[in-house]
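Summary of structural features
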Amino acid sequence: MNSGNGDSEPSDGLKSESKTLLVTGGAGYIGSHTVLELLNKDYEVVVVDNCANAFKEEGTNMPESLRRIQKMTGKQITFYILDLCNRSLLQKVFQKVYPLPGMNFTS
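Residues numbered from 1 in each chain as written. Predicted model: local features only at pLDDT ≥ 70, side-chain atom pairs only at ≥ 80, totals over all residues. Heavy atoms only, no water.

1. Some remarks on the confidence of the model for the chain
Considering every residue of the chain, the mean pLDDT works out to 83; 83% of them sit at 70 or more. Within the model, pLDDT remains below 50 along residues 1–16, and this stretch shows twelve contacts once partners closer than five positions in the same chain are excluded. (pLDDT = per-residue confidence, 0-100. Contact = heavy atoms within 4.5 Å.)

In structure tokens form, the structure reads like this:
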């Protein structure tokens, strides 16, 4: 990123002023690795996933991938388990976290 005076400023590629991001599909392979990198860059992360491609142990609230990331980073992840096709539940999540910039890793 160029500041206009010839000096370069470091950029992590994210243009938003917000330090919180919504990551849909964040419990899967690519999404969870992205969540890890975002947390390492001091972003707060809200993950929405239906866990179709993520292992979730019975009786737990969060998929194993995200639980491990929390343990590795020592940071909390806000997680909502739901299918993005369920508009009414998705609207409830958006009422809590909207507006947030987001990344989509659903398939």
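2. Remarks on the packing of aromatic side chains
Using the criterion set out here, one finds zero aromatic pairs in the structure. The positively charged end of Lys-19 is found above the aromatic ring belonging to Tyr-43, 3.9 Å away from the centroid. (Phe/Tyr/Trp six-rings, centres within 6.5 Å; stacked < 30°, edge-to-face > 60°. Lys NZ or Arg CZ within 6 Å of the ring centre and 35° of its normal.)

3. Some details on the pairing of strand E1 (residues 20–24)
Of all five residues in E1, five are buried; the element is thus mostly enclosed. Covered by surrounding structure in E1 are Thr-20, Leu-22 and Thr-24 together with Leu-21 and Val-23, the residues of both alternating faces. Examined bridge by bridge, E1 and strand E2 (residues 44–49) share five bridges and lie parallel to one another. Pairing of Leu-22 across the sheet is with Val-46, part of E2. (Buried < 20%, exposed > 50% of the residue type's maximum accessible area, 1.4 Å probe, protein only. Helix = DSSP H or I, 4+ residues; strand = E, 2+ residues; numbered from the N terminus. Pairing = 2+ DSSP bridges.)

4. Focus: the sheet that holds E1
The pairing of strands in a sheet comes from backbone hydrogen bonds and takes either a parallel or an antiparallel form. Spatial strand order, E3-E2-E1-E4: four strands in an open sheet with parallel pairing. Across the chains shown, the open sheet's two edge strands, defined by having one partner strand only, are strand E3 (78–81) and strand E4 (102–104). With direction set aside, neighbouring strand axes in the sheet form an average angle of 15 degrees. Pairing analysis gives three bridges linking E1 to E4, with the strands arranged parallel. Its bridge partner being in E4, Leu-22 is matched across the sheet by Gly-102. (Axes fitted to C-alpha atoms, helices over the stretch in contact; angles between N-to-C directions.)

5. A short note on the pattern of salt bridges
Under the counting rule described, the total for this entry stands at three salt bridges. With a closest N to O distance of 2.8 Å, Lys-75 and Asp-42 form a salt bridge. Remark: Asp-42 occurs in the loop between helix H1 (29–40) and E2 and Lys-75 occurs in the loop between helix H2 (64–73) and E3; sequence separation between them is 33 residues. We classify Lys-75 as partly exposed; its relative accessible area is 26%. Residue Asp-42 is classed as exposed on the basis of its relative accessible area, which comes to 53%. Salt-bridge contacts for Arg-68 lead to Glu-64; the nearest nitrogen and oxygen are separated by 3.0 Å. Of the two residues, Arg-68 and Glu-64 are both situated in helix H2; the distance of four residues between them amounts to about one turn of the helix. (Salt bridge = Lys/Arg side-chain N within 4 Å of Asp/Glu carboxyl O.)

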